[in-house]
Amino acid sequence: MNLTKKFLTWVIAFAMILTMMPSAFVCAADENTEPTGTTYDMTEGSSGNDGTSGNEDGQNPNGDDSSNSGDASTGSENRDASPDGSSSETDTPAETADTTSTSSTTETTATTTKPAVTTTTINTSNKKWFTPRGNKTMSLTLCRNTDGTVFDLMKQAGQKLYQYDTLQGASAGKGYAYFTLYNRKNNRVKIVKVRLCSMEVVKVSGALKVHHANEITYNGRKNIIVVANSTPKPKRLTVIDANTLKIKYHKTLKVTKKVKGMSKSQRKKFKGVGAIAYNEKHDIYVCRMRKSHDLLFLNSNLKPYKRVRQNAKLKLLYQGMDSYKDCIMIVQSFKGKKKYDAVTIYNMKGKKIARFTIGAGKPMLELQTVFHDGNQFYAGAYFSYGAKADLQKLHVKRENRIYRINNL
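Bear in mind that the values here come from a model prediction, so they are computed numbers and not experimental data.

Enquirer: How do you make sense of the overall build of the chain when you look at a structure like this?
Expert: Of regular secondary structure, the chain possesses three helices and 23 strands. The proportion of buried residues among the 408 residues of the chain is 54%. Partitioning the contacts of the chain with sequence separation of at least 6, the portion at a separation of at least 24 is 63%. When the accessible surface of the chain is totalled, it reaches about 18000 Å², and 54% of it is carbon and sulfur.

Given below as C-alpha cells:
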C-alpha cells in the first residue's frame, strides 16, 4: 500500500512539472500553417489594365515521357496519354542581364505564436458589393503578420521592391509561396518568396526579364517555377530555380498536328498562353490560351499535347489560374459595368463545375491569381488608387493584398 501511495505521489508531481513547462510553436520551413486575418469577398481577376491578356490551357494527365500520341477530339478524356519524346519547343539560355540584382534575405526559422483570428464580414447585399445571382460568394480572410498587422509584400521587402508594385502571378508548395511583382517602368519582374506559416519574406529575386509574368506555377517534383511571360512574348515560358530564383532557361511553345483536339486553322491562330498551372496529381501543366481562352495541356516537359474547349466563358478580364487534383480554376476580374471578380472551376474536360464571385467594391479590388499549398487555397489581388483613365500610369498607387480562401 505504501509503495502504491509513493508511486501515485511521484506521478502527480511529474504531471505538475509538465504543466508548468512553457510551450513553443516553431514554424518549420515545410509546414503549411495558415495565416489569420480579415474576411473579404472576391470574383474575377485580370491584368488587362497593364497591357496583358490572360489565357489558360487545358491539361491531360501525363505521368511519364513515353505516352501515346494518338489523335483525339476536343473534350476527350483527360486520362489520355500525352505525346513526348523530342521536344517541339525551343530551349533558349537565360539572358545574363535578367539577374541584375541579388537575392535578399536568407531563410530562417520563425518561433512565434499566431494571433487570434479576426474577421470582417462584408455586406454583399449592398449595391457597391454587387455579386451576380446564381453564383457562390467567395469567403476570404486577409493574411496578416504574426503581430496582427496586415501582410504587405512591399513593406516587408523594403527597397528591394522599389517600383515593383503590381502583383501578378503566384504559386505555392512545401510551405512557401512565390509572388511576381511587376515594374511598370522597366517592364521587369521580381519574384518574392514567402514562408506561409509566418508570412515572412525570405528571398527576393533580381530583376527578371520575363515580361509581364501574368502567371507562375510551382512544380514541387522538379523544384522549379514556370512563368507564363504573356505580353509581349505570349508563346514563351521561362523556367526558374525555386531556390536561387534565377532563370534556368526559356522555352517557346509550338503546337503541331500531334496536339489532340486542335485543327490546322486553330494551330495557325495560336497566339500563345496567358496563364499556366502545374497539376501535381497528373504531373502535367494546364494553360489558358490567349484569344480563345481554351485550355492547352502540356506534358511534364512543357510539350503541348491536347487542347480542350472551355465552356461557360464569362465576359470579364482574364487573369491567372490554378489546377488541383481533377479541377482547373480560371481567375477573372471586373470589366466594364460588371463590377465583380470571379473564379470559375472546371473539370479536366473543360466543363464548368462551379463559380465563385465577389464584388469589386470601392476602391476596386482586382483579383489577379488563385493558388494553393496542400489543400489550403489563397488569392492575390490589389487595389488601385488615382487616375481612373489609365491604371498603367506610374502615379497610380497599387496596394497588394493576399487572402486565404475559406470556402474553396
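Here the narrative resumes, following the displayed structure.
Enquirer: Please clarify how the confidence of the model for the chain should be interpreted in this entry.
Expert: Scored by pLDDT, the chain comes out at a mean of 76, with 65% of its residues at no less than 70. Predicted confidence for residues 28-90 stays below pLDDT 50, and this span has 326 contacts to residues more than four positions away or in other chains.

Enquirer: What should I look at first to understand the nonpolar core in this one?
Expert: Nonpolar side chains in soluble globular proteins generally cluster together in the buried interior. Core analysis: the largest hydrophobic core is formed by 22 residues, its most contacted members being Leu153, Phe179, Leu181, Val192, Val194 and Phe371. Mapped by element, the contributors of at least two residues to this core are helix H2 (153-157), strand S5 (166-173), strand S6 (176-183), strand S7 (188-195) and strand S8 (200-204). For Phe371, the residues in contact, after removing those within four places along its chain, are Ala170, Ser171, Ala172, Ala177, Phe179, Asp322, Gln376, Phe377, Tyr378, Ala379, Gly380 and Ile402.

Enquirer: What's the story with unusual backbone geometry in this structure? I'm lost.
Expert: What you tend to see is this: most non-glycine residues have negative phi, and most peptide bonds are trans. Here the residue pair Thr231 and Pro232 is connected by a cis peptide bond, since its omega of 5° sits within 30 degrees of zero. Within the secondary structure layout, Pro232 lies in the loop between strand S10 (224-228) and strand S11 (236-241). Unusually for a residue other than glycine, Asn223 sits at a positive phi of about 55°. One can find Asn223 in the loop between strand S9 (215-219) and S10. A residue is classified by how much of its surface remains accessible, and Asn223, at 22% relative accessible area, is partly exposed.

Enquirer: Looking at this structure, I do not really get the environment of Asn219. What am I missing?
Expert: Tracing the chain through its elements places Asn219 in strand S9. What makes Asn219 buried here is its relative accessible area of 0%. In this structure Asn219 touches Ile224, Tyr278 and Tyr285, once residues within four positions along its chain are discounted.

Enquirer: For this particular structure, what's the right way to read the sheet that holds strand S13 (residues 273-279)?
Expert: Note: strands within a sheet are paired through backbone hydrogen bonds, in either parallel or antiparallel orientation. The sheet built from four strands is open, its strands ordered S13-S14-S15-S16 with antiparallel pairing. Two strands lie at the open edges of the sheet, namely S13 and strand S16 (304-308), each paired on one side alone. Neighbour-to-neighbour, the strand axes of this sheet turn through a mean angle of 25°, independent of strand direction. As paired elements, strand S15 (residues 295-298) and S16 share four bridges and run antiparallel to each other.

Enquirer: When you look at the pairing of strand S17 (residues 317-324) in this model, what are you seeing that I'm missing?
Expert: Side chains on a regular strand alternate between the two faces of the sheet. Along S17, seven of the eight residues are buried, which leaves the element largely enclosed by surrounding structure. Alignment of S17 against strand S18 (residues 327-333), held across six bridges, turns out to be antiparallel. Bridging across to S18, Asp322 finds its partner in Met329. Hairpin connection between S17 and S18: a loop of two residues separates the two successive antiparallel strands, and Lys325 in this loop has a positive phi of roughly 55°.

Enquirer: Where do I start with the pattern of salt bridges in this structure?
Expert: Proximity of charged atoms lets side chains of opposite charge pair with each other. Applying the stated criterion to the full structure yields eight salt bridges. Note that Asp152 and Arg401 form a salt bridge whose closest N and O atoms lie 3.8 Å from each other. Residue Asp152 is located in the loop between strand S4 (140-142) and H2, and its partner Arg401 is located in strand S23 (residues 397-405); the two are separated by 249 residues in the primary sequence. Residues Asp152 and Arg401 agree in their burial class; the two are buried. Three or more residues joined by partner-sharing salt bridges are found here, namely Asp152, Glu399 and Arg401.

Enquirer: Honestly, the pairing of S9 in this entry has me stumped. Any pointers?
Expert: When you tally the buried positions in S9, you get five out of five residues, the bulk of the element. The side-chain alternation of S9 yields two buried faces, one formed by Glu215, Thr217 and Asn219 and the other by Ile216 and Tyr218. Two strands pair when backbone bridges link them, and S9 and S10 are joined in this way by five bridges, in the antiparallel orientation. Its bridge partner lying in S10, Thr217 is registered against Val226. If you look at the hairpin formed by S9 and S10, you'll find four residues sitting between the two strands, and Asn223 has a positive phi there, around 55°.

Enquirer: Is there a simple way to explain the side chain of Arg401 in this structure?
Expert: Judged by its relative accessible area of 12%, Arg401 falls in the buried class. Setting aside anything within four residues of it in sequence, one finds Arg401 in contact with Leu142, Val150, Phe151, Asp152, Leu167, Ala379, Gly380, Ala381 and Phe383.

Enquirer: Quick question: what am I supposed to make of the packing of aromatic side chains here?
Expert: Ring pairs (aromatic) are described by centroid distance and by the angle formed between their planes. Tallied over the entire structure, the rule returns six aromatic pairs. Judged by centre distance (5.3 Å) and plane angle (15°), the rings of Phe371 and Tyr378 are stacked. For the pair Phe371 and Tyr378, a shared accessibility class is recorded, and that class is buried. Through pairs of rings, three or more aromatic residues link up here, namely Phe179, Phe371 and Tyr378.

Enquirer: In this structure, what is going on with the environment of Ser171? I would like to understand it.
Expert: Here Ser171 lies in strand S5. Of the residues examined, Ser171 reaches a relative accessible area of 8% and is grouped as buried. In sequence terms Ser171 and Glu215 are 44 residues apart; their C-alpha atoms lie 8.4 Å from each other. Sequence-distant contacts of Ser171, defined by excluding residues within four places in its chain, comprise Tyr176, Ala177, Tyr178, Ile216, Thr217, Tyr218 and Phe371. Within the structure, Ser171 has its side chain in polar contact with the backbone nitrogen of Tyr218 (distance 2.8 Å).

Cut-offs applied
Position labels on residues start from 1 in each chain and follow its written sequence. With the structure being a predicted model, the display of local features is reserved for residues of pLDDT at least 70 and the display and counting of side-chain atom pairs for 80 or more, all residues being used for whole-chain, interface and lining totals. For the side-chain quantities, the full set of heavy atoms in the structure was used; hydrogens and water were omitted. A run of DSSP states H or I qualifies as a helix once it reaches four residues; a run of E qualifies as a strand once it reaches two. Both are numbered from the N-terminal end. Accessible area is worked out with a 1.4 Å probe on protein chains only. A residue is then buried under 20% of its type maximum, exposed over 50%, and partly exposed in between. The criterion used for residue contact is that any of the two residues' heavy atoms lie within 4.5 Å. Per-residue accessibility takes into account occlusion by the displayed protein chains alone, with areas from the Shrake-Rupley method and a 1.4 Å probe. Known as pLDDT, the predictor's confidence for each residue is given on a scale from 0 to 100. Only buried residues count toward a nonpolar core, which is a set of Ala, Val, Leu, Ile, Met, Phe, Trp, Tyr and Cys residues joined through side-chain atoms within 4.5 Å. In this analysis, strands are considered paired if DSSP registers two or more bridges between them. Only the contacting stretch of a helix is used when fitting its axis, a line to C-alpha atoms as for every element, and angles between N-to-C directions run 0 to 180 degrees. In the sections that follow, a salt bridge refers to a side-chain nitrogen of Lys or Arg positioned within 4 Å of a carboxyl oxygen of Asp or Glu. The aromatic pairing rule takes the rings of Phe, Tyr and Trp, using the six-membered ring of Trp, and pairs them if the centres are within 6.5 Å, calling planes under 30 degrees apart stacked, those over 60 edge-to-face and the rest tilted. Polar contacts, as counted here, are pairs of nitrogen or oxygen atoms within 3.5 Å of one another; within protein the pair requires one atom able to donate a hydrogen and one able to accept it, and residues that are adjacent in sequence qualify only if both atoms are side-chain atoms.

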